[in-house]
Each structure stands twice: as C-alpha cells, then as structure tokens.
Amino acid sequence: MNLQTIGYNQFFEQEFSAFDTNQVIVGRIALEHKHMYRVLTEHGELLCEISGKFVFQAEKREDFPAVGDWVVIKPSVDEGKGIIQAILPRQSKFSRKTAGNVTEEQIVATNVDTVFLVNSLNDDLNLRRMERYLLLAWESGASPVIVLTKADLCSDVQEKVKLVESVALGVPIVVISAVTGIGFEKLEIHLLPGKTVALLGSSGVGKSTLTNYLFGAEKQKIQSIRDADDKGRHTTTHRELVVLPNGSLLIDTPGMREIQLWEGEAGMAESFSDIHELRNHCKFRDCKHEDEPGCAVVASIEEGVMDLGRLQSFKKLEKELAYLDRKLDKRAQSDEKKKWKKINKQIKQKR
C-alpha cells in the first residue's frame, strides 16, 4: 500500500523522521476494537496493540490512538501484527466532551481535511444542533460542509436551505437524495484522492446511506425511518476509516445523541461571525446584548435581520464553554497533583 494514498504527507513524514526507521514503520488507524487496532501500513493491514510503556505514559483518554491517527509501529509483518509505540502529532482533531458528568475529551476522528455535517430535511432538521456541529467542526481544524439529505421527503427545500444559510455562514451546503440521486455530484469537489472526509450527524439522518452511495456497495447496513417520530434508527456502531473507489478516504461515525462541547474559542468566532462583527458596533464594549442602549445585536434582531433564537443559542454556548473551562482548570490542578505523586512514588522505589 502506498501511504500517500491514505493521507500520508510531508507533515507526517517530517514527524516520523525522528524515529529509527530500521526498527519501526508508520501506519494509520482504521478501526479500534476495544484495546486492539486495525492499522493500514505499507505492508498491508496489521492488528496492533499498544506497548506497555505507551500505556504507562498516557495520562488521559485523549492520549490513546483514535481513528485517523498516524502511529509508529514495531511490526511483526509475518504474523500480521504490531505494537504501537507512539502517535504522530495530529493535523486536525474533532473532539467533544464525553456524555455524562465526567469532564473528559472524546476524540471522534483525527487528521480530517473536510467534515460532512449531515442533516436530514425531514422534520428532524434542527438549527440549534447544527450550530453546535459547526462550532465543533471549525474548532477541529477541518473545513465543514453541510449535507442536507432526504430531499425527496421535503416539500419546501429552498426554504429549509435559507434557514440553514442563516446559521452556516459561508459554509458550502449540498442538498442530496439517495432516492432520486440528486446532488451527489456536488460532493465530488470535496472527495479528493488521499484526502479524508468525516461524516458526522445524529442517528438516522442518512450517513450510512451516503456511505453506501459513495462506496458503491452496501458498506453500512441501512435501517428504515421509524414512522412514529420520523427519525432514523441508529445503524453505525463504530468509527471506521475506509478508502472510497475514487481514492478519497471516509470516516463514518455513530450518530451523536449528545453534542457536548469540548473546546470552542476559535469555533465560536467562526460559527457566530455575524454576532462577533455586530458586537464591535455596540455602544458599550461589555454589552451583554440584552437591554443596553446602542446594542447593534439587539437592533439587528428588531430589524428582522437576525433571529432571536440565534442570539440565545450564542449566549447558551458561551456559558457552556465558560463552565467547561472552570471544570477543566480544576481537573488540570488535580492531574498535576497526581503526576507529582506518581513521580515521587517512582523516586522512592529507586532508593
């Protein structure tokens, strides 16, 4: 396998040059099986586990390999196996906070060039959820593309597209239908040989159908929409990197029931560029965009240019990120204490 065909470039080549290439090889994580990984290498696919030293040095969940990562491997090619020694630095990383009360990062996909944010044009279309996806996409370092599926089930496609345009400022929007076959040709400019696209979206929006269409075969099992609530059933149960017939790479992901933020400073500036621009024209620098005189944001809402729901969403996300920052600060202090406790224990054992 030619590594360039699965996304290897000068950035990763430079990072890998620091290792002894006579002892190790480089490969890309295609699938994770609990504590085992399927890795694509120039010697073919290897089933790998992590070295004991790697596990010992890893301090957080995000220190472990994720689908899309380039890793350094000590191979046993004849056995089709290998030991992962290290992860090469990531060019991009799509993360969210893990579900529940634990403040921990969950890496969805790494080294992604483009993110297809898949949303259905049926009754499940949700602008507020789309804003969250866009924020995470911009924060990841990848370029977002909105993919609106199931156009055949929507009677007012253009109206829905206008609504999406109001929150996806400057982001390409592609309308498709697997039933009629429309729109797929517009995705081709984003599906380039050696480039990686990640599919993200809630359960049942059509990600698996899109994967099958692009793959040209039934790569993912498809389940029908539940008639009762117009929502699809969850089909994809794991993240996997696959090579499409045209040479581009695709990472399909399970539907996200919770989209909890992890980072967002850069993403907020991109996702809510309209509010960031307007707030520069407010009379007061510390304007909260409520009842202050001379508020440009409120004036935009009163003039019908901006929807009130967008400002409310902006404020909610800002509060969520501020709360997360406070929790991460406390966690960092706790991690530092654990780190020094671990070091002191090692020192005592050597005496």
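The structure presented is a predicted model; accordingly, all values stated were derived computationally and were not measured.

### Focus: the overall build of the protein chain
Working step 1: Within the protein chain one finds nine helices and 13 strands.
Working step 2: Of all 351 residues assigned to the protein chain, the portion counted as buried reaches 46%.
Working step 3: Taking as baseline every contact in the protein chain between residues at least 6 positions apart, the subset at least 24 positions apart corresponds to 66%.
Working step 4: Element-wise, carbon and sulfur atoms account for 49% of the exposed surface of the protein chain, whose accessible area totals about 18,600 Å².

### As for the environment of Ile 87
Working step 1: Relative to the helices and strands, Ile 87 is located in strand 5 (residues 81-87).
Working step 2: Using a relative accessible area of 22% as the deciding quantity, one classes Ile 87 as partly exposed.
Working step 3: The spacing of Ile 87 and Val 26 is 61 residues in sequence and 9.4 Å in space, taken between C-alpha atoms.
Working step 4: Beyond its immediate stretch of four places on either side in the chain, Ile 87 contacts Phe 54, Asp 63, Phe 64, Pro 65, Asp 69, Trp 70 and Val 71.

### Brief notes about the nonpolar core
Working step 1: Trp 70, Ile 84, Val 115, Leu 117, Met 130, Ile 146 and Leu 148 are the most contacted members of the largest nonpolar core, which has 54 residues in total.
Working step 2: Grouped together as the second largest cluster of nonpolar side chains are 17 residues, Val 174, Ile 176, Val 197 and Leu 214 included.

### Here's the deal with unusual backbone geometry
Working step 1: Residue Asn 111 is not a glycine yet carries a positive backbone phi of 50 degrees.
Working step 2: Summarising the element assignment, Asn 111 is placed in the loop between strand 7 (105-110) and strand 8 (114-120).
Working step 3: Judged by relative accessible area, Asn 111 falls into the buried class, the value being 6%.
Working step 4: In this model, Lys 150 sits at a positive phi of 60 degrees, which is unusual for a non-glycine residue.
Working step 5: Along the chain, Lys 150 falls in the loop between strand 9 (143-149) and helix 4 (157-165).
Working step 6: Exposure remark for Lys 150: the relative accessible area of 15% places this residue in the buried category.

### Observations regarding the packing of aromatic side chains
In this description, a pair of aromatic rings is defined by centroid distance and the angle of the planes.
Working step 1: Under the definition given, this model contains seven aromatic pairs.
Working step 2: Their ring planes at 35 degrees and their centres at 5.8 Å tell us that Phe 12 and Trp 70 sit as a pair that is tilted. With Phe 12 in helix 1 (residues 10-16) and Trp 70 in strand 4 (residues 70-76), this pair connects stretches of sequence that are 58 residues apart. Comparing Phe 12 with Trp 70 shows no difference in burial state: the two are buried.
Working step 3: Summarising the aromatic geometry, the rings of Phe 54 and Phe 64 are spaced 6.2 Å apart at their centres and angled 40 degrees between planes, so their arrangement reads as tilted. Of this pair, Phe 54 sits in helix 2 (residues 52-57) while Phe 64 sits in the loop between helix 2 and strand 4, and the two are ten residues apart along the sequence.
Working step 4: Since its relative accessible area comes to 26%, Phe 64 is described here as partly exposed.
Working step 5: Here a set of aromatic residues connected by ring pairs shows up, and it is made of Tyr 8, Phe 11, Phe 12 and Trp 70.

### Describing the pairing of strand 5
Working step 1: Summarising the sheet, strand 3 (residues 44-50) and strand 5 pair through four bridges and their orientation is parallel. Bridge assignment links Leu 47 to a residue of strand 5, and that residue is Lys 81.
Working step 2: In this structure, strand 4 lies alongside strand 5, joined through six bridges in antiparallel fashion. Bridge pairing in strand 5 links Pro 75 to Gly 82.
Working step 3: Taking the residues between adjacent antiparallel strands as the criterion, strand 4 and strand 5 are bridged by four residues, where Gly 80 takes a positive phi near 70 degrees.

### Observations concerning helix 3 (residues 127-140)
Working step 1: Spanning 14 residues, helix 3 covers 20 Å between terminal C-alpha atoms, matching the ideal 20 Å at 1.5 Å per step.
Working step 2: Counted residue by residue, helix 3 has ten buried out of 14 residues, so it is predominantly covered.
Working step 3: Three or more residues of helix 3 are buried, namely Arg 129, Met 130, Glu 131, Arg 132, Tyr 133, Leu 134, Leu 135, Leu 136, Ala 137 and Ser 140.
Working step 4: The N-cap residue of helix 3 is Asn 126: its side-chain oxygen and the backbone nitrogen of Arg 128 are 3.0 Å apart.
Working step 5: Downstream of helix 3 by a residue or two, Gly 141 has a phi angle that is positive, lying close to 100 degrees.

### Regarding the pattern of salt bridges
Working step 1: On inspection of all chains with the given rule, the structure shows eight salt bridges.
Working step 2: Across the pair Arg 38 and Glu 45 runs a salt bridge, and its minimum N-O distance is 3.1 Å.
Working step 3: On the accessibility criterion, Arg 38 (21% relative accessible area) is partly exposed.
Working step 4: Judged by its relative accessible area of 45%, Glu 45 is partly exposed.

### Observations regarding the side chain of Asn 119
Working step 1: Looking at where Asn 119 falls in the secondary structure, it is placed in strand 8.
Working step 2: Other than its neighbours up to four places away in sequence, Asn 119 contacts Leu 125, Met 130, Ile 146, Val 147, Leu 148, Thr 149 and Val 205.

### What to know about the confidence of the model for the protein chain
Working step 1: When pLDDT is averaged across the protein chain, the result is 80; 78% of the residues are at 70 or more.
Working step 2: Low pLDDT, under 50, characterises residues 219-237; the predicted model gives this stretch 44 contacts beyond four residues in sequence or across chains.

### Concerning helix 5 (residues 207-215)
Working step 1: Listing the buried residues of helix 5 in full gives Lys 207, Ser 208, Leu 210, Thr 211, Asn 212 and Leu 214.
Working step 2: Contacts from the buried residues of helix 5 go to strand 8, strand 9, strand 11 (196-200) and strand 13 (249-252).
Working step 3: Following helix 5 by one or two positions, Gly 216 has its phi on the positive side, about 80 degrees.

About the criteria used
Residues numbered from 1 in each chain as written. Predicted model: local features only at pLDDT ≥ 70, side-chain atom pairs only at ≥ 80, totals over all residues. Heavy atoms only, no water. Helix = DSSP H or I, 4+ residues; strand = E, 2+ residues; numbered from the N terminus. Buried < 20%, exposed > 50% of the residue type's maximum accessible area, 1.4 Å probe, protein only. Contact = heavy atoms within 4.5 Å. Areas by Shrake-Rupley, 256 points an atom, 1.4 Å probe, with all protein chains shown as cover. Core = buried A, V, L, I, M, F, W, Y, C linked by side-chain atoms within 4.5 Å. Phe/Tyr/Trp six-rings, centres within 6.5 Å; stacked < 30°, edge-to-face > 60°. Pairing = 2+ DSSP bridges. Expected span 1.5 Å × (residues − 1). Polar contact = N/O pair within 3.5 Å; in protein donor to acceptor, adjacent residues only side chain to side chain. Salt bridge = Lys/Arg side-chain N within 4 Å of Asp/Glu carboxyl O. pLDDT = per-residue confidence, 0-100.

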